[in-house]
Each structure stands twice: as structure tokens, then as C-alpha cells.
Amino acid sequence: MKRFVFLAALIALAVVAWAEPVKEVPGAGKLTVLWSGLQALPPGYTIQQSEIAEALTRRAYPGVTVEYILADLSSGADKTMRAMVAAGIPPSLYIDTFVRSASYLRSDFALDLRTYMDDLADYVPGALDVVTRNGAVLGLPQAGDAQAMAINKELVAAVGFAPRDWATWTIDEFLDLAARVKAKYGSAKYVTGLFAGNQSGDYLIRNWAASFGAEFFKGGDYSKTAINSPAGKAMLDFFLLLQTRGYVRPDWITQVDDDYVIDWATGKLAAVPFFFNWIEPYFKTVEDGGGKRFDYMFVPFPRAAGVSRVGAFYTGTGIVVTKHADDAQNKLAAKYAQAYNSPEAQLQTWAVMGARPNRISVVNAIGKPIQYSQVTAVVASNGLFDLGGTSPLYAATRTLFPNALQKIGKVPTAQILADYAAEMDKLLSGK
């Protein structure tokens, strides 16, 4: 039995109040799952991850029922989870992108899964590091993906652009592409997309910092930001240049990530930060509306002078099991979490979409198109870029970046950067 519920009445509660472990079992064999929605699978695939999870869970708990609560993602924040926790009714499981769910990887809230699961050794080396705190495994990482620069090959060819080497192309070459797109298409198409309407998808834009050698954090130290640097200012100067030269939409400041991805999927943008496993769902949306897909490829981000590599941001969805006073409920919820991220689930859903499995038993069981391998090559050559996505205060700081971008063209970039860094440090320090 499934019920999809939207808890609009709870959204007004704004502050997270960390609840004590739930003291009442919400019904024998019942689970509540707060999640960010059904997986959108390519044509021909209809089985959902939740269906696999329920089937596997019922082998041990035949009578289990699952109630699914759809999170409100309108602002990109974890509003529904905050509201449920503050109201004293946290879900049995919280399944959402790490940029929201990582805030709940706390020993006073999340169940340590080490004694509840017998297959943790099947995760690829390092996969569980992002959910481990002081040795306790407080969640599960699902298959994820790294973003790279998605190139519309047809648009690039139409303007006659070709860099000396896509693997090491430069910001100057990117600006050459921008000028060619503007010269041929005016305001109908652009070199790339920017957006600052809300915090959702901020990682797409923040990854540009790596093109200039800027870092948001150094050495895993999430107590302060490292972005206030000449390289950080160069990133903002770049955004200002794109705006003043008309290389991006004039209304980009009010755009959100949904606008950005549709502009890409409809062929209006030449080169954008994107994930491979996003391609099929958005192409399908375009085709359902009568549009057509186009040929594309993935390459590294372009690099500024003196930058030797541009790391890629990696993201995935996390599963957090709420610690319950009744251990029987803990066992039931842990069983569902285990099933939801099982090899069967990863193989039949995430692998189909192009996400990168993190189960050893699945890694060698799939084949991928050339674009999947291209992203793999980008990561192998350039490494990953740390945006602090699994730090406890990542969600609390997310609104600051789009707020800063909204000042571009109105306030000097050096001042924007200094103010942004100061606000980041204030939140990160807890003061």
C-alpha cells in the first residue's frame, strides 16, 4: 500500500528542533518515508526503486506498509524534513540529495547501521566515508554522478568552433565560443546558462570556481570558507563579463535550475555544467512536447591561465534512518533502507539512468554509452571538487551563494565576495 502525502501545513515551521528518538511505534509494520520523489526512468523502464525496496523488505516483513511523503523542494531547502522534525513526527527514513540530507547524519538523530546490515562490505572503497561520523555509519549513499561540461555538438559545429583540445580547453576559448554563438543567434541561443532565482542546483554554478583555481573549502575544513581569494573574484568577474557582453540570458538572475535544464535540453545553450544521468529524463520531456534531442558530449570545464585541472562536483542521494526508541522499528527501517539501495535496486534503476553504482557487485555488471565514459575520463584526469556537500551546515549556507550572485552588476565583485565569505564564516562558526 502506498500513499503520497504533501505536508503543506507543516512547512511554516522554520527551525530544526532535534527531536528525541520517537517513543511510539507508528503502527506495527508501518514505515513513513520522506523523499524527493519517484525516479524518472527512460522509456521502456517502469519499475521504481521503491517497488524493489518494498518487495525485498516484505521477504522479512510480509505485512509492512509504506507511506511516502513528498518533500517540498520549491526553494531547494529541506523544508518538509525540518517541519516534521520540529513537530516531533520525523519520518522513519529520509531519502534526498546529500545537499539536504547530510544535515541529519548526526549520532543523536540517525541510526548507526553497522549492526543492522550485513552487506556494508559490498560498497566500493570510500563510498561509506561520506556517511560515516566517528566510525558510525549513519546513512547510505546511493549511486551518484559527477558533473562535467555538456557540449551541444550540433550548436558548436554550427558556429564553427573547435578548441585546440577539449581536454584542456581554456576560458579564452570558451569566450570565443560565446562570441560566435551571439554573432550567429543573437538572443535566441547562448553559450551557457546561469541562474540565481533560488538555491536549488547551486552546485551547477559553483563548480565554475574550479575553472579559476578557487576553492570553497581547503583540506576538508568546513569551519570556514576559502573562497575569498583572487581566484574567487575571477569567478565573479567571469559571471559579470558573461552578463555585460550578452553571452547569457539577460534575466538569468531570476532564473532557477529548472529553467536552465530546459534551455539546455531544447538546444538553446552550447556548453553547460550537467550530469549524465540527467540527460535522458530531460530529453524525454522535450520529446514528449514535440521537440527533438541533439548530439552531445562531455568534456572538462574550461580552465583559466595557470589552472592545471578543474575538479568535478560529485553528488548523490543519501538515505538516513531515524533512530527509534523501539529497536524493532529500527530493524524494520534498516531493512527497507538496505533493500532500497540493494544491488537489485541499483542495477534496475540507477544504472539504467546512467548514475554510477557504488556497490561492488554491480560495478562490473553494466555497460554504458560513450558519454558515460567521457564523464569518467573527466573525473580521472581532473579529480573532484569539494563544495562541502556532506558537511552538517551545507544546507544552512546554500542560500548565500544565489543571494551573492543577485548583486552582480550592482555591487563591485570584490565586495560581493568579501560579504559572501563573511556570511559563510559566520554560519560555519555557529556564531
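Reading the values: rules and limits
Residues numbered from 1 in each chain as written. Predicted model: local features only at pLDDT ≥ 70, side-chain atom pairs only at ≥ 80, totals over all residues. Heavy atoms only, no water. Axes fitted to C-alpha atoms, helices over the stretch in contact; angles between N-to-C directions. Helix = DSSP H or I, 4+ residues; strand = E, 2+ residues; numbered from the N terminus. Parallel < 35°, antiparallel > 145°, perpendicular 65-115°, else oblique. Left-handed = near helix turned anticlockwise from the far one by under 90°. Contact = heavy atoms within 4.5 Å. Nonpolar A, V, L, I, M, F, W, Y, C, P; charged D, E, K, R; others polar. Phe/Tyr/Trp six-rings, centres within 6.5 Å; stacked < 30°, edge-to-face > 60°. Buried < 20%, exposed > 50% of the residue type's maximum accessible area, 1.4 Å probe, protein only. Lys NZ or Arg CZ within 6 Å of the ring centre and 35° of its normal.

*Asks:* Outline the packing of helix H7 (residues 230-244) against helix H16 (residues 413-429), supporting the account with residue identities and numerical values.
*Replies:* Packing of H7 against H16 brings their axes to within 9 Å, and their N-to-C directions diverge by 125 degrees. Classified by the interaxial angle, the pair formed by H7 and H16 is oblique. Read as a crossing pair, H7 and H16 show a hand that is right-handed. Residues Gly 232, Lys 233, Leu 236, Asp 237 and Leu 240 of H7 form the contact with H16, whose own contacting residues are Thr 413, Ala 414, Ile 416 and Leu 417. A per-class count over the contact of H7 with H16 returns five nonpolar, two polar and two charged.

*Asks:* With reference to specific residues and values, describe the packing of aromatic side chains.
*Replies:* Scanning all chains against the criterion turns up 32 aromatic pairs. Centre to centre, the rings of Phe 161 and Trp 169 are 6.3 Å apart; their planes meet at 55 degrees, and the pair counts as tilted. For the ring pair Phe 216 and Phe 385, a centre distance of 6.3 Å and an interplane angle of 65 degrees mean the geometry is edge-to-face. Taken together, the residues Phe 216 in the loop between helix H6 (202-206) and H7 and Phe 385 in the loop between helix H13 (370-382) and helix H14 (394-397) connect sequence positions 169 residues apart. Look at Phe 385 and you get buried, because its relative accessible area is 10%. Here the guanidinium or amino end of Arg 206 rests over the ring plane of Phe 216, the centre of that ring lying 4.1 Å away. Above the plane of the ring of Tyr 123 lies Arg 359, whose end atom (NZ or CZ) is 4.3 Å from the centre.

In short, geometric facts, not functional conclusions.
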